[in-house]
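Residues per chain, in single letters:
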Amino acid sequence: MKKEISGVTIECVKGDIVKQPDVTAIVNAANAWLRMGGGVAGAIHRAAGPGLEEECRPLAPIKPGQAVITGGHNLPNKYVIHCLGPRYGIDKPEDKLLADCYRNALKLADEHQIDSIAFPAISTGIFGYPVEEAAEVALKTVKEVIPTLKHVKHIRFVLHSDFDLKVHEKVLESL
Ligand code: AR6
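Bear in mind that the values here come from a model prediction, so they are computed numbers and not experimental data.

Focus: the packing of aromatic side chains
- Across all of its chains, the model carries four aromatic pairs by this definition.
- Between Tyr102 and Phe119, the ring centres sit 4.9 Å apart and the planes meet at 45 degrees, which makes this aromatic pair tilted. Here Tyr102, found in helix α3 (residues 94-111), pairs with Phe119, found in strand β6 (residues 116-119); they are 17 residues apart in sequence, far enough to count as distant. Each member of the pair Tyr102 and Phe119 is classed as buried.
- Feature note: the residues Tyr102, Phe119 and Phe157 constitute an aromatic cluster, connected by ring pairs.

A few points about the sheet that holds strand β3 (residues 25-29)
- Strand order in the open sheet formed by seven strands is β1-β2-β7-β6-β3-β5-β4, and the pairing between neighbours is mixed. Each end of this open sheet is capped by a strand with a single partner; those strands are β1 (2-5) and β4 (67-71). Pairs of neighbouring strands in the sheet enclose a mean axial angle of 20 degrees, with direction left out of account.
- Where β6 and strand β7 (residues 154-159) come together, four bridges link them in parallel fashion. Opposite Phe119, over in β7, you have Phe157 as the bridge partner.
- Across the sheet, α3 touches β4, β5 (79-83), β6 and β7, and the angle it forms with β6 is around 155 degrees.
- Across the sheet, helix α5 (residues 162-174) is in contact with β1, β2 (8-14) and β7; its angle to β2 comes to roughly 155 degrees.

Description of the site of the ligand
- For the ligand, the set of nearby residues contains 21 residues, the closest of which are Asn31, Gly38, Val40, Ser123 and Thr124.
- Measuring from an oxygen atom of the ligand, one finds a backbone N or O atom of Ile126 at 2.9 Å.
- Here the ligand loses 88% of its free accessible area of 700 Å² to cover by the protein chains.
- With respect to the detected pockets, the ligand is housed in the largest pocket.
- The element that contributes the greatest number of residues to the shell around the ligand is helix α1 (residues 39-48), accounting for four residues.

Criteria and cut-off values
- Residues numbered from 1 in each chain as written.
- Predicted model: local features only at pLDDT ≥ 70, side-chain atom pairs only at ≥ 80, totals over all residues.
- Heavy atoms only, no water.
- Phe/Tyr/Trp six-rings, centres within 6.5 Å; stacked < 30°, edge-to-face > 60°.
- Helix = DSSP H or I, 4+ residues; strand = E, 2+ residues; numbered from the N terminus.
- Buried < 20%, exposed > 50% of the residue type's maximum accessible area, 1.4 Å probe, protein only.
- Pairing = 2+ DSSP bridges.
- Axes fitted to C-alpha atoms, helices over the stretch in contact; angles between N-to-C directions.
- Contact = heavy atoms within 4.5 Å.
- Near = heavy atom within 4 Å.
- Polar contact = N/O pair within 3.5 Å; in protein donor to acceptor, adjacent residues only side chain to side chain.
- Areas by Shrake-Rupley, 256 points an atom, 1.4 Å probe, with all protein chains shown as cover.
- 1 Å grid on protein atoms, 1.4 Å probe; cavity = no way out; pocket = protein on both sides within 12 Å on 5 of 7 lines; lining within 4 Å.
- Sits in = over half its atoms within 2 Å of the grid points.

What follows is the structure, encoded as structure tokens:
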């Protein structure tokens, strides 16, 4: 499902974040130390190869809500933007910290003249953020940031399950 807001396309698809060869940057649901880990971070580091962890080392640790950028190494994407999402119930206020992830990632992308970017549902896996709440924060933040973007024209949410896709589509529809 797609929607256009102020000339920027927002899209929700079901899939794997490391299989988005047509976007310039993918976003990592990282850990503070920017190491391999599980979930999205594991998939990204496995696909990118050891050069990614090496490039990440001097950039770590990062704080909840922060975003940093690296190259894509063996991934088909030019860049990886690493965001540390809040741990639900622990890092507070979690909605502000989650919004910061999307805001900071998009700002960084725009500064690097990136035209297209794919996000996973940050914090909704190991970090325990309920997907319904996270989708509201994610999509509303993206809508809010769009008017400030000069280069980013395509924003894709890559969801791992039918349920997560449905939840995001419902919020996108209501934007
Ligand atoms: N592509 C797209 N989405 C995925 C993929 C994939 N390949 N794999 C999982 N998801 P998570 P978090 C979904 O746990 O909650 C890591 O170990 C998943 O179903 O990757 O921010 C880090 O090292 C869920 O909906 O990220 C951190 O320690 C969403 O992506 C911690 O986990 C996010 O799940 C970060 O936890």
